[in-house]
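Chain by chain, the residues:
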Amino acid sequence: MKFAILVNEGPYNHQAADSAFQFCKAAIDKGHEIFRVFFYYDGVNNATSLGQPPSDDRNVTKNWQKLAEENKVDLVVCVAAGLRRGITESNLAQGFRISGLGQLIEAGIHADRLVTFGD
Amino acid sequence: MDDMESGVVKKFMFVNRKPPHGTVYALEVLEMVLISAAFDQDVHLAFLDDGVLQIKKGQTPAGIGVKNFSPTYRALEGYDIEKLYVEAESLAERGLTEDDLLVDVEVISRADMGKLMAEMDVVLTA
C-alpha cells in the first residue's frame, strides 16, 4: 500500500512525531511505500537543524533524516507554516525540503491512505 | 503541479473540531482548504464539537491581538467550496442555531456526519 503521512506536532512536546516515525518504519519493513511525509503546524519543527537533544535521548530530526536516507522518503515542510515558526532554508536539516501545501493535497490524491499524526 | 490535470478526483473532507482562537489549528486548516481548491477535488468541510464556533457570526478577536480570519469562510464559495456540514448536536450543545452562523451550511445529525465521513477518500482533521 502507498501511504502519505501528515505530521502536525513538533518533536519532544508531543508523541505524534515519534509515532509517525515508528509508523513509517513499520510500514516500510512490511513492504509498504511511503509516498511522502508532510510537516505542518508545529510539525515543521521536526525539520530544524538547530536541535541538540541530550545525547542519551532520541534525536527526532536525525531519525527522520536516517529514514529518508535509507528509504528515499520525501520529507516536505510547509513553507507558510515554516516561515511563521522560523524554519527556513538556512536552518533546514538535511534530507528535508520546503514546499507548499499543494504537496499535501497531491499526496492525498496519490496515496492509498493519508494518515495524520497529531491533535 | 501536474496533478491538477491528472483527472483523479477524490472526496476530501476537512474536519474542524477546534475553536477559532486559542490555537492556530483553525486558521491553518483554512489554509489547507484554500489550497485544495486549486486541485479540482470534491472538497467537503465538516464543523463539529467546538469547531462550530469557527463559523460563528460576530467574531472580534482584535481584543486578544489576533487577526479575524472568519470573513474568509464567506469567500469559500468563490473557490467552489460549497459543501459545508455542521453537526446539529454540536450546535445545540453550545446554545447555537443556524442563524448564528456566518455561512450557508447543511446541518446534519451526528449519525449522518459519521456516515458522510465513511464515504470520504481523504479525511484531514485538526
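As a reminder, the structure under discussion sits directly above these lines.
Residues numbered from 1 in each chain as written. Chains lettered and ligands numbered in written order. Predicted model: local features only at pLDDT ≥ 70, side-chain atom pairs only at ≥ 80, totals over all residues. Heavy atoms only, no water.

J.: Go over the sheet that holds strand 4 (residues 106-108) of chain B, please, and point to the residues and values.
T.: Residue and element names in this part refer to chain B. With parallel pairing, the five strands of this open sheet are ordered in space as 4-3-2-1-5. Sheet topology places strand 4 and strand 5 (122-125) at the edges, where each strand pairs with a single neighbour. Taken over all neighbouring pairs, the strand axes of this sheet differ in orientation by 25° on average, direction set aside. Direction of pairing for strand 3 (residues 83-87) relative to strand 4: parallel, over a ladder of three bridges. Directly across from Glu-87, in strand 4, lies its bridge partner Ile-108. Across the sheet, helix 1 (residues 25-36) touches strand 1 (11-16), strand 2 (42-47) and strand 5, and the angle it forms with strand 1 is around 160°. Helix 4 (residues 110-118) rests against strand 1, strand 2, strand 3, strand 4 and strand 5 of the sheet, and its axis sits at about 140° to strand 3. (Pairing = 2+ DSSP bridges. Helix = DSSP H or I, 4+ residues; strand = E, 2+ residues; numbered from the N terminus. Axes fitted to C-alpha atoms, helices over the stretch in contact; angles between N-to-C directions. Contact = heavy atoms within 4.5 Å.)

J.: Residues and numbers for the interface of chain B and chain A, please.
T.: At the junction of the two partners, chain B supplies 23 residues and chain A supplies 21 residues. The tally of links between chain B and chain A comes to three salt bridges. The salt bridge involving Glu-28 of chain B is made with Arg-84 of chain A; its shortest N-O contact spans 2.5 Å. Here chain B is connected to chain A by 10 residue pairs in polar contact (both at pLDDT 80 or more). Where the side of chain B that touches chain A is concerned, the elements lending two or more residues are strand 1, helix 1 and strand 5 of chain B. When residues of the side of chain B that touches chain A are assigned to their parent elements, the largest contribution, eight residues, is made by helix 1 of chain B. (Salt bridge = Lys/Arg side-chain N within 4 Å of Asp/Glu carboxyl O. Polar contact = N/O pair within 3.5 Å; in protein donor to acceptor, adjacent residues only side chain to side chain.)

J.: I'd like a rundown of the layout of surface pockets, residues and numbers included.
T.: All names here are of chain B. Approximately 160 Å³ is the volume found for the largest pocket. What lines the largest pocket is simply Tyr-73, Arg-74, Leu-76, Glu-77, Ile-81, Glu-82, Leu-84, Leu-102, Val-103 and Asp-104. The class makeup of the residues in the lining of the largest pocket is six nonpolar, no polar and four charged. (1 Å grid on protein atoms, 1.4 Å probe; cavity = no way out; pocket = protein on both sides within 12 Å on 5 of 7 lines; lining within 4 Å. Points joined across faces, edges and corners; volume = space filled by probe spheres on them. Nonpolar A, V, L, I, M, F, W, Y, C, P; charged D, E, K, R; others polar.)

J.: Tell me about the sheet that holds strand 5 (residues 113-117) of chain A, residues and numbers included.
T.: Residue and element names in this part refer to chain A. If you walk across this open sheet you meet the five strands as 4-3-2-1-5, and the pairing is parallel. In this open sheet, the two strands that pair with only one neighbour each are strand 4 (96-99) and strand 5. In this sheet, neighbouring strand axes are inclined to one another by 25° on average, regardless of whether the strands run parallel or antiparallel. Pairing analysis gives six bridges linking strand 1 (residues 2-7) to strand 2 (residues 33-39), with the strands arranged parallel. From the neighbouring strand, Leu-6 faces strand 2, where its bridge partner is Phe-38. Its contacts with the sheet place helix 2 (residues 60-71) against strand 1, strand 2, strand 3 (75-78) and strand 4, and it is angled at close to 95° to strand 4.

J.: How would you explain the pattern of salt bridges if you had to name every residue and give the values?
T.: Residues and elements named next belong to chain A. Inspection of the entire model under this criterion finds 18 salt bridges over all chains. Among the ionic pairs, Arg-58 bridges to Asp-18, the shortest N-O distance being 2.5 Å. Here the residue Arg-58 occupies a position in the loop between strand 2 and helix 2, and Asp-18 occupies one in helix 1 (residues 16-29), the gap between them amounting to 40 residues. Given the relative accessible area of 6%, Asp-18 is considered buried. With a shortest N-O distance of 2.8 Å, Arg-36 and Asp-74 are connected by a salt bridge. With a gap of 38 residues between them, Arg-36 in strand 2 and Asp-74 in the loop between helix 2 and strand 3 connect regions that are remote in the sequence. Judged by its relative accessible area of 6%, Arg-36 is buried. (Buried < 20%, exposed > 50% of the residue type's maximum accessible area, 1.4 Å probe, protein only.)

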